[in-house]
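For reference, the chains in residue letters:
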Amino acid sequence: MARPQRLGAARPWRSPAHGLGDWMDRHIIWFFILPAAIFLLAVVAFPVVYTVWLSFFRWSGSATAPATWVGLANYADVLALDPGFRNALWVTIYFTGVSVTIEVILGVGLAQLLNREFIGKGLARTLLLLPIAGTPVALSLVWRNMYNPSSGIFVWFADLLMLPPQRWIADANMVMPLLILFDVWQWTPLIMLITLAGLVSLPNDLYEAAQIDGASPWQVFWRITIPLVRPTIVAAAMLRLMDSLKTFDQIYVTTQGGPGIASQTLNLYIFEQAFQYLNFGYASALLVVLFFVILAGNLVLVTQRRGQL
């Protein structure tokens, strides 16, 4: 029988390396999380914090001229004094509201048409998905050439319909509807694809019962299909809303915000303030405001979606 160890006896000596190994074994989970946490802090958290911090300064980006603390003056200019911001906000809301609404309506309709068997269904689905497979900048260049008032294909359509010559995107009254047309063509397939995935997962029992009760196709669509697939539609609309509010490349390549400021969205206005006028502090304040605009839009849709679940 082993003799009990006396109180106060010295513990066996352990090297620091051995103690470090034991500590790592007890906290091994943090070593798996740490790389992702460092990446998020470097790529997401730091730019956000830096942007908010810079929004309280006036700074031209010069290394010789330090940033000047102005407090909330940039936000005061954004909300009260700047007509450029008010125009850009209106253009952004107009572009996003109209394009997303049309995309949701057309996307749901196309998904309903594809949610049945017919000859050439696979080919039709593939052709409809081609717009979202293209590079946005390349597609913007193509559509800019199509809108060319002297040699674009829309000139040929106007001649075919015996319409008078048009300036197309060079006309301040036509530029936004034409950009919305481009956006609807490109992103309606995304709504269609998400909605189609929701339609495929719906149970057939309800449709069989409705058919037995003599419900019309419109009644089945409006009373059964839409309520069941509505959460999916709202989720798709949320994705498009966030993306549409941040649209930059498509409008910049096509019109650069012109003619004048007729198609200048918030993103283009922020780009102009930061990299043309070198008002980095003011541009940072605009970015913070844009974040809250996107947040407000998504909160409305989230509230709507929760009320449907």
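For the structure, check the block above.
Quantities reported herein were computed from a predicted structural model and do not represent experimental measurements.

Could you give me a rundown of the overall build of the protein, with the residues and numbers involved?
Helix and strand content of the protein: 13 helices and two strands. In the protein, which comprises 309 residues, the share counted as buried stands at 35%. A separation threshold of at least 6 residues defines the contact pool for the protein, and within that pool the share at least 24 residues apart is 67%. Element-wise, carbon and sulfur atoms account for 69% of the exposed surface of the protein, whose accessible area totals about 19,400 Å².

Tell me about the packing of aromatic side chains, residues and numbers included.
Within this structure, the stated rule accounts for 25 aromatic pairs. When the centroid spacing of 5.4 Å and the interplanar angle of 50 degrees are considered together, the rings of W143 and W185 count as tilted. Here the residue W143 occupies a position in helix α6 (residues 136–146), and W185 occupies one in helix α8 (residues 175–200), the gap between them amounting to 42 residues. Among the residues examined, W143 registers a relative accessible area of 7% and is labelled buried.

Explain the side chain of T225 residue by residue, including any values.
Here T225 lies in helix α10 (residues 217–245). Exposure remark for T225: the relative accessible area of 2% places this residue in the buried category. Ignoring sequence-local partners within four residues, the contact set of T225 consists of Q112, L199, L202, Y207 and V220.

Tell me what's going on with the packing of helix α4 (residues 83–114) against α8, and back it up with residues and numbers.
Put simply, α4 and α8 touch, their axes get as near as 6 Å, and they point 40 degrees apart. Relative to α8, the element α4 is oriented oblique. Crossing of α4 over α8 shows right-handed handedness. For the contact of α4 with α8, the per-class residue count stands at 21 nonpolar, five polar and two charged.

What counts, and where the lines are drawn
Residues numbered from 1 in each chain as written. Predicted model: local features only at pLDDT ≥ 70, side-chain atom pairs only at ≥ 80, totals over all residues. Heavy atoms only, no water. Helix = DSSP H or I, 4+ residues; strand = E, 2+ residues; numbered from the N terminus. Buried < 20%, exposed > 50% of the residue type's maximum accessible area, 1.4 Å probe, protein only. Contact = heavy atoms within 4.5 Å. Areas by Shrake-Rupley, 256 points an atom, 1.4 Å probe, with all protein chains shown as cover. Phe/Tyr/Trp six-rings, centres within 6.5 Å; stacked < 30°, edge-to-face > 60°. Axes fitted to C-alpha atoms, helices over the stretch in contact; angles between N-to-C directions. Parallel < 35°, antiparallel > 145°, perpendicular 65-115°, else oblique. Left-handed = near helix turned anticlockwise from the far one by under 90°. Nonpolar A, V, L, I, M, F, W, Y, C, P; charged D, E, K, R; others polar.

Function cannot be inferred from these measures alone, as they are strictly geometric.
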